[in-house]
Amino acid sequence: MQAYFKLFDLKQKVNYKTEILSGLTVALALVPEAVAFALLAGLSPLTGLYAAFVMGLVTAILGGRPGMISGATGAVAVVFVGLIETLKTQNPDISIDEITQYIFATVIIAGVIQIIAGLLKLGKLMRLVPQPVIFGFVNGLAIIIFSAQISQFTVDSTDPNAPWMQGAELAIFSGLVALSMLIIWGLPKLTKFVPAGLVAILVIFGVVYVFNIDTTTVGDIASVKGEFPPLSIPEIPYTWETFMLLLPYAGIVAGVGLIESLLTLNIVDEITQTRGRGNKEAVAQGTANILSGILSGMGGCAMIGQSLINISSGSRARLAGIFAAIMLLVFVMFGSSLIEKLPMAALTGLMIMVSIGTFEWASLRTFNKMPKSDVIVMIAVTLITIFLHNLALAVLVGVIISALVFAWDNAKRIRARKHIDENGIKHYEIYGPLFFGSVQVFNEKFDVVNDPEEVIIDFAESRVVDMSAIEALNKLTERYQQAGKKVHLRHLSADCLQLLKNADKIIDINVIEDPTYKVMTDQL
């Protein structure tokens, strides 16, 4: 228990200057992204900023990976788009404040699910997610983030029926967006001293201010003036119907959050050549989401981009994440007047570049090199992500398809080498796994009618995997018995023998015990 609650490694050498400067850089970069992701979900910017503060602080203290940054993310925001559509369908007159209460409740439920997943040590299941599924996941997420920016080119992005910008208004807004994207693309080629996204926002802000350009700002959409995150229990009907309405979306939020967080953890592990604790991170993410929902935040998960900024700035301890979260709250409480003046063109350009950076362009270049099954999995995951906005379902479908393809390929690889020894006993040497997919091919290898009186099936290069395999062996034995012949199994591994022992009530097979050899030594 003591090891589990050990939050800080006191033996670790901490460069306080590097940690503080890295944390400040991350805090400045978190502001526009938190605002943009909240707007992506159709929520008040404050919900994103509060979420970034709570998620960042809690996971920095309790998380399983020092140096990793959490906050409001596009992956979670996209899930809320579907929830909002459902709520509006059921109640067209529902207000944004009422919708926000449902989202807070969803985040809390998602946090509980994540804690349960961490306590059950389900983090290791990430190893079952193949690369094509990851490619499809991030590609679909990138397309959703990009498509969400199209509404910014209307005269009122909060109104789905608003007309498109025209004339000078469209030209000015498009020019500012293009300038923002150009800075984010070009500045890192010159220097990485400050985040390119932050510079782009400051430059666009300066251009708009100096030339007195009339363009949409964050303040035109919603106020971001806030105090310390207020404690708020979600004001929703506490009924079974409400719970069942929110549970699917909470499950998606929990699943997406854990997938993205554990992917980020693995990336940081590779960069730092250290090992994080996935299950501890899952518990920390769940705790942070519960507190986020109670403290008026939209929830979130680990942020790949911000984590890479933090690590590349030299941070290796928890201090940078803690300092970043505290400074973000300072900005909200004392710098809201400046945040409200940020041009939406700058944030739109930033989010378009985020979507471009998120998209795995390398996956397109490997289309002709990847197996067709992997291409199908990647496309399927991408399409499900785009059209259903259900990232967890997309990953689950991708994993299932990949597993079925793997089973099909292995089912075709079972084979048998046959020979008759000097005693007239026929040997079948089996190669490949015997499981539900390979049972039919396995049965076709045997010639019961023409085989001699005694047969040995050698599993030295094979394994009996599941109940279907055991049943196949049972039926094969019965076929030989009905023909008046004996069949023996040889060289079964320990786990295969245990399987057969567990099934001894329904199967009767003659297993030849492997000999135990003693090694001669010079000891007296």
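Note that the structure is a prediction, hence the values are computed from the model and not measured. (Residues numbered from 1 in each chain as written. Predicted model: local features only at pLDDT ≥ 70, side-chain atom pairs only at ≥ 80, totals over all residues. Heavy atoms only, no water.)

J.: Is there a simple way to explain the overall build of the protein chain in this structure?
T.: Scanning the protein chain from N- to C-terminus turns up 20 helices and seven strands. The C-alpha extent of the protein chain, read off along each of the three principal axes, is 100 × 65 × 50 Å. By residue count, 50% of the 524 residues in the protein chain fall in the buried class. In the protein chain, once contacts between residues fewer than 6 apart in sequence are set aside, the share between residues at least 24 apart is 80%. For the protein chain, the exposed area adds up to about 26,600 Å²; of that, 62% sits on carbon and sulfur atoms. (Helix = DSSP H or I, 4+ residues; strand = E, 2+ residues; numbered from the N terminus. Buried < 20%, exposed > 50% of the residue type's maximum accessible area, 1.4 Å probe, protein only. Contact = heavy atoms within 4.5 Å. Areas by Shrake-Rupley, 256 points an atom, 1.4 Å probe, with all protein chains shown as cover.)

J.: Whenever I open this one, the nonpolar core confuses me. Can you help?
T.: The tendency in soluble globular proteins is for nonpolar side chains to be buried as a group. Core analysis: the biggest nonpolar cluster contains 105 residues, and L49, F80, I103, L246 and M298 have the highest contact counts within it. Leaving out residues up to four positions away in the same chain, F80 has contacts with A41, I103, T106, V107, V253 and M298. One finds I430, F442, V448 and I457 within the second-largest nonpolar core, a separate group that totals 22 residues. (Core = buried A, V, L, I, M, F, W, Y, C linked by side-chain atoms within 4.5 Å.)

J.: Teacher, can you tell me more about unusual backbone geometry here?
T.: Residues apart from glycine generally show negative phi values, whereas peptide bonds are mostly found in trans. Although it is not a glycine, K121 sits at a positive phi angle of roughly 60°. Position of K121 among the secondary structure elements: in the loop between α4 (96-119) and α5 (131-148). In this model, S296 sits at a positive phi of 65°, which is unusual for a non-glycine residue. By the secondary structure assignment, S296 is in the loop between α10 (278-294) and β2 (301-302). The exposure class of S296 is buried, given its relative accessible area of 10%.

J.: Looking at this model, I keep getting lost on the packing of aromatic side chains. Mind explaining?
T.: Aromatic ring pairs: the centre-centre distance and the angle between the two ring planes describe each pair. The tally for this structure, following the rule as stated, stands at eight aromatic pairs. Plain terms: the ring middles of Y428 and F446 are 4.4 Å apart, the flat faces sit at 45° to each other, and that makes the pair tilted. Within this pair, whereas Y428 is found in strand β4 (residues 426-434), its partner F446 is found in the loop between α18 (439-443) and β5 (454-464), the two being separated by 18 residues in sequence. Each member of the pair, Y428 as well as F446, is classed as buried. Taken together, a centroid distance of 4.9 Å and an interplanar angle of 70° make the contact between F442 and F446 edge-to-face. We note that F442, like F446, is buried. Through a chain of ring-to-ring contacts, the aromatic side chains of Y428, F442 and F446 assemble into a single cluster. (Phe/Tyr/Trp six-rings, centres within 6.5 Å; stacked < 30°, edge-to-face > 60°.)

J.: Would you mind showing me how to read the packing of helix α9 (residues 240-272) against helix α11 (residues 304-312) here?
T.: When two helices pack together, you describe them by how their axes are tilted relative to each other and by the distance separating the axes. Their axes nearest at 10 Å, the elements α9 and α11 cross at an angle of 20°. The angle between the axes of α9 and α11 places the two elements in the roughly parallel class. When you trace α9 past α11, the crossing you get is right-handed. Between α9, through T264, I267, V268, I271 and T272, and α11, the contact on the second element is made entirely by I304, S307, L308 and I311. Within the contact of α9 with α11, the residues separate by chemical class into six nonpolar, three polar and no charged. (Axes fitted to C-alpha atoms, helices over the stretch in contact; angles between N-to-C directions. Parallel < 35°, antiparallel > 145°, perpendicular 65-115°, else oblique. Left-handed = near helix turned anticlockwise from the far one by under 90°. Nonpolar A, V, L, I, M, F, W, Y, C, P; charged D, E, K, R; others polar.)

J.: Even after reading the chapter, I still don't get the pairing of strand β3 (residues 415-420), so can you show me in this structure?
T.: Two faces make up the sheet, and in a regular strand the side chains alternate between them. Across six bridges, β3 lies against β4 in antiparallel orientation. Note on β4: the bridge partner recorded for I420 is K426. Counting the residues in the hairpin turn of β3 and β4 gives five residues, including G424, whose phi is positive at 80°. (Pairing = 2+ DSSP bridges.)

J.: Got a minute to help me understand the environment of P433 in this structure?
T.: Positionally, P433 belongs in strand β4. C-alpha of P433 to C-alpha of I414: the two residues are 19 residues apart in sequence and 6.4 Å apart in space. Sequence-distant contacts of P433, defined by excluding residues within four places in its chain, comprise N410, I414, S438, S462, R463 and V465.

J.: Help me out: how do you make sense of the environment of F334 in this one?
T.: By the element assignment, F334 lies in helix α12 (residues 319-334). Here the alpha-carbon distance between F334 and K225, two residues 109 residues apart in the chain, equals 8.3 Å.

J.: Any chance you could explain the pattern of salt bridges here in plain terms?
T.: Where charged atoms of side chains with opposite charge meet at close range, the side chains can pair. Tallied over the entire structure, the rule returns three salt bridges. The salt bridge partner of E429 is R417, with a shortest N-O separation of 3.8 Å. Of the two residues, E429 sits in strand β4 while R417 sits in strand β3, which places them 12 residues apart along the sequence. Judged by relative accessible area, which is 21%, E429 ranks as partly exposed. D451 serves as the salt-bridge partner of K426, at 2.9 Å between the closest nitrogen and oxygen. Placement of the pair is K426 in strand β4 and D451 in the loop between α18 and β5, with a sequence separation of 25 residues. You'll find K426 and D451 in the same group, each marked buried. (Salt bridge = Lys/Arg side-chain N within 4 Å of Asp/Glu carboxyl O.)

J.: Can you help me understand the packing of helix α7 (residues 196-210) against helix α14 (residues 344-358) in this one?
T.: Interhelical geometry of α7 versus α14 gives an angle of 155° and a closest axis separation of 9 Å. In terms of their interaxial angle, α7 and α14 are classed as roughly antiparallel. Here the hand of the crossing between α7 and α14 comes out right-handed. Here G197, I201 and I204 of α7 come into contact with α14, specifically with A346, L347 and L350.

J.: Sorry, what's going on with the pairing of β4 here?
T.: For β4, the buried fraction is high: seven of the nine residues fall into the buried class. Relative to β5, β4 runs parallel, the two being bridged by eight bridges. The residue of β5 that forms the bridge with Y428 is I457.

J.: It is not clear to me how α12 should be interpreted in this structure. Could you clarify?
T.: Since the α-helix advances by 3.6 residues per turn, residues separated by three or four positions end up pointing in the same direction. Look at α12: 22 Å from first C-alpha to last across 16 residues, which is about the 22 Å you get at 1.5 Å a residue. On the buried face of α12, the contacting elements are α1 (16-40), α2 (45-62), α11 and α13 (336-339). (Expected span 1.5 Å × (residues − 1).)

J.: Any chance you could explain a nonpolar patch on the surface here in plain terms?
T.: Side chains of I356, W361, L364, F367, I379, L383, F387, L388, L393, L396, I400 and L404 sit close together on the surface and give an oily, nonpolar patch of about 1,100 Å² of accessible area. Those elements that provide at least two residues to the nonpolar patch are α15 (361-365), α16 (372-388) and α17 (391-411). Looking at where L393 falls in the secondary structure, it is placed in helix α17. Since its relative accessible area comes to 32%, L393 is described here as partly exposed. (Patch = residues over 30% accessible without salt bridge, like charges linked within 9 Å, V, L, I, M, F, W, Y side chains within 5 Å.)

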